[in-house]
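Inside the fold
Spelled out, the chains give:
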Amino acid sequence: MQAKVMQSRLLELIRRTSSRLPDDVVRVIERGRRREQPGSTAEYALQVILDNIAMARDKSLPLCQDTGTIICYADLPAWLDESAFATSFSRAVAQATKLGYLRQNSVDSLTGKNSGTNLGPGSPSYHLHQTRGRSLLVRLILKGGGCENVGAQYSLPDTKLGAGRDLAGVRRCILDAVHQAQGKGCGPGILGVCIGGDRGSGYVASKEALLRTLDDQNPEPSLAKLEKQIVQEANTLGIGPMGFGGATTLLGCKIAHRNRLPASFFVSISYMCWAYRRDGFALSESGKITRWLYA
Amino acid sequence: MLLEAPFTEAKIRALAVGEMVEISGLVFTGRDAVHKYLHDGGKPPVDLTDSIIYHCGPVVVQEKGRWVVKAAGPTTSIREEPFQGPLMERYKIRGVIGKGGMGPKTLEYCQKVGGVYLHAIGGAAQVLAERVVAVEGVHLMEEFGSPEAIWEFRVERFPVVVTMDSHGRSLHRDVLAASQEALARLL
């Protein structure tokens, strides 16, 4: 495949991710709206959100102006090396920024200067792996700053929360994080959680958990149960959409686990806003998009 | 309920927490740079008497010689907490649109001055951009750049929820307290 074909396919992935939410997310937001009291501010907020989702899709414009951290996950087959992929993707990002699919959103932490292209140290955020498969798989998440700011990491035991080193302790941390976030992360939110790992790998895995669809099932039965319980309990807190109060505080919770050191027990929580922009595709060596991964 | 310019103290004092309001008239955008500038004594380039300030860094582009708003959702308001109240008092700013709510200091000034906090739907950049029907001017663009400038937006039926009013009520404070109790019951 020519580099420019790859770049144009990746540009299309960025455009789609920025302007449309996956169906699994839209369905859960719709369910939330039906659950809210008619005429309430919660129902109103969710209706505006649903209108916005439809409008962004129709106009092919960013559904939120904060087009977020660009988190790129790719499984690279034998025919593609990392640097060739990253070059194409970075070029697609700069082009997407020029076309307005992405906001100029990357600032030098020392000088405060905006690069204007979304490129710079650590941007985009790449997570590249080799695969034995024939197709290139690319998954993209755009995660805004408001929700990133309310993420949290706990080190267990936490005496203030009464949280020990077990799933009961993990539950306490997660519910505390939802409460701390209130409406500030543009809820209703979706949580990606990692139990274990180190401080760095824990947060990375918590974001990877957001690659799952909302309607899937965790293969680990104890976590599947905890995920359901968290969503159900968080929705009794009464925080509601935008923190207006209401029954829809959390749309989903996805929990991963990593081994830890005997001395450490971290719970890392990434909060995703309702504008849960996630998309992905499979690309053949000839440059054909063979499958969209999230429909 | 419709809130139309001019945004007089009487109209603002009539608003109460929980009301869903649609704003029509002129609003001024202003975020971090503008608030700091005004707080430090900078001269306002527009008349802020009975005005509404919108915490928003919009995406605005020039098409055929005129400004067109491409995205105009709210930004997090709490960053302006140190400045907002005193500025409301000094210039008789009556309304603040943003997201996430503000703190006790702003709430106190809302009571004192006759002001209100109006919560827009975070992330709804397209719905909100559509309600900006005209851009009537831009100020401090050279100094602060496009997202931080003061944009004069003519809005029609711009949807917000009153979450802090001039009677000392804050929905944010209430929801925090109620959810704290609910959390304590769960834990």
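Residues numbered from 1 in each chain as written. Chains lettered and ligands numbered in written order. Predicted model: local features only at pLDDT ≥ 70, side-chain atom pairs only at ≥ 80, totals over all residues. Heavy atoms only, no water.

A closer look at the side chain of His119(B)
All names here are of chain B. Here His-119 lies in strand β7 (residues 116-119). A relative accessible area of 1% means that His-119 is categorised as buried. Among the polar contacts made by the side chain of His-119, one reaches the main-chain amide nitrogen of Gly-100 at a distance of 2.8 Å. (Helix = DSSP H or I, 4+ residues; strand = E, 2+ residues; numbered from the N terminus. Buried < 20%, exposed > 50% of the residue type's maximum accessible area, 1.4 Å probe, protein only. Polar contact = N/O pair within 3.5 Å; in protein donor to acceptor, adjacent residues only side chain to side chain.)

Structural notes on the pattern of salt bridges
Opposite charge on two side chains makes pairing possible when the charged atoms of those side chains draw close. Residue and element names in this part refer to chain A. Scanning the model with the defined rule gives 26 salt bridges over all chains in all. In this structure, the salt-bridge partner of Arg-57 is Asp-23, at a minimum N-O distance of 4.0 Å. Of this pair, Arg-57 sits in helix α3 (residues 41-59) while Asp-23 is found in helix α2 (residues 23-35), placing the two residues 34 residues apart along the sequence. Assessed through its relative accessible area of 36%, Arg-57 is described here as partly exposed. On the basis of relative accessibility, which here comes to 32%, the residue Asp-23 falls in the partly exposed class. The partner of Arg-27 in a salt bridge is Asp-215, and the shortest N-O contact between them spans 3.3 Å. (Salt bridge = Lys/Arg side-chain N within 4 Å of Asp/Glu carboxyl O.)

Let's talk about the domain arrangement of chain A
Residues and elements named next belong to chain A. According to the domain assignment, chain A consists of domain 1 (3-20 + 63-144 + 277-292) and domain 2 (146-272). With centres defined by C-alpha atoms, the gap from domain 1 to domain 2 works out at 26 Å. With eleven residues of domain 1 in contact, the opposing surface of domain 2 contributes 14 residues. Across the domain 1 to domain 2 interface the summed buried area is about 950 Å²; carbon plus sulfur atoms make up 64%. When the buried area of domain 1 at its contact with domain 2 is split by residue, Tyr-73, Lys-143 and Arg-278 rank highest and sum to 54% of it. If you look at where domain 1 meets domain 2, you find one salt bridge. Note that Glu-148 and Lys-143 form a salt bridge whose closest N and O atoms lie 2.5 Å from each other. Counting the contacts that link domain 1 with domain 2 gives five residue pairs in polar contact (both at pLDDT 80 or more). For the side of domain 1 that touches domain 2, the secondary structure elements donating two or more residues are β1 (69-76), β3 (136-143) and β8 (277-283). Sort the elements by how many residues they give to the side of domain 1 that touches domain 2 and β3 lands first, with four residues. (Domains from an automatic or database assignment. Contact = heavy atoms within 4.5 Å. Buried area = accessible area lost by both parts, 1.4 Å probe.)

So, the pairing of strand β7 (residues 266-272) of chain A
Residues and elements named next belong to chain A. The element β7 is extensively covered by neighbouring structure, given that seven of its seven residues are classed as buried. Judged by which residues are buried, β7 turns out to be covered on both faces: Phe-266, Ser-268, Ser-270 and Met-272 on one side and Val-267, Ile-269 and Tyr-271 on the other are all buried. As judged from the four bridges shared by strand β4 (residues 152-155) and β7, these two strands associate in the antiparallel manner. Within β7, the position partnered with Ala-152 by the bridge is Ile-269. Relative to β7, strand β5 (residues 189-195) runs antiparallel, the two being bridged by six bridges. Across the sheet, the residue bridging to Ile-190 is Met-272, located in β7. (Pairing = 2+ DSSP bridges.)

Some details on the interface of chain B and chain A
Between chain B and chain A, the contact holds 35 residues from the first and 37 residues from the second. Between chain B and chain A lies a buried interface of about 3,000 Å² when both sides are counted; carbon and sulfur atoms form 67% of it. Here chain B and chain A share 13 residue pairs in polar contact (both at pLDDT 80 or more) between them. Looking at the side of chain B that touches chain A, the elements that each hand over two or more residues are β2 (20-29), β5 (66-71), α5 (125-130), β9 (150-164) and α7 (171-186) of chain B. A per-element tally of the side of chain B that touches chain A places α7(B) first, with eight residues. Taken together, the residues of the side of chain B that touches chain A sort by class into 20 nonpolar, eleven polar and four charged. (Nonpolar A, V, L, I, M, F, W, Y, C, P; charged D, E, K, R; others polar.)

Some points on the environment of Leu38(B)
Residues and elements named next belong to chain B. Mapped onto the elements, Leu-38 comes out in helix α2 (residues 32-39). Separated by 46 residues in sequence, Leu-38 and Gln-84 place their C-alpha atoms 10.0 Å apart. When neighbours within four sequence positions are excluded, Leu-38 is seen to be in contact with Lys-43, Pro-44, Leu-48, Leu-87 and Arg-90.

Considering the packing of helix α1 (residues 3-19) of chain A against helix α4 (residues 82-98) of chain A
All names here are of chain A. Where α1 meets α4, the closest approach of the two axes is 8 Å, and the angle between their N-to-C directions is 55°. Judged on the interaxial angle alone, α4 and α1 are oblique. In this structure, α1 meets α4 at a crossing whose hand is right-handed. Contacts between α1 and α4 pair Ala-3, Met-6, Gln-7, Leu-10, Leu-11 and Ile-14 from the former with Phe-85, Ser-88, Phe-89, Arg-91, Ala-92, Val-93, Gln-95 and Ala-96 from the latter. Within the contact of α1 with α4, the residues separate by chemical class into ten nonpolar, three polar and one charged. (Axes fitted to C-alpha atoms, helices over the stretch in contact; angles between N-to-C directions. Parallel < 35°, antiparallel > 145°, perpendicular 65-115°, else oblique. Left-handed = near helix turned anticlockwise from the far one by under 90°.)

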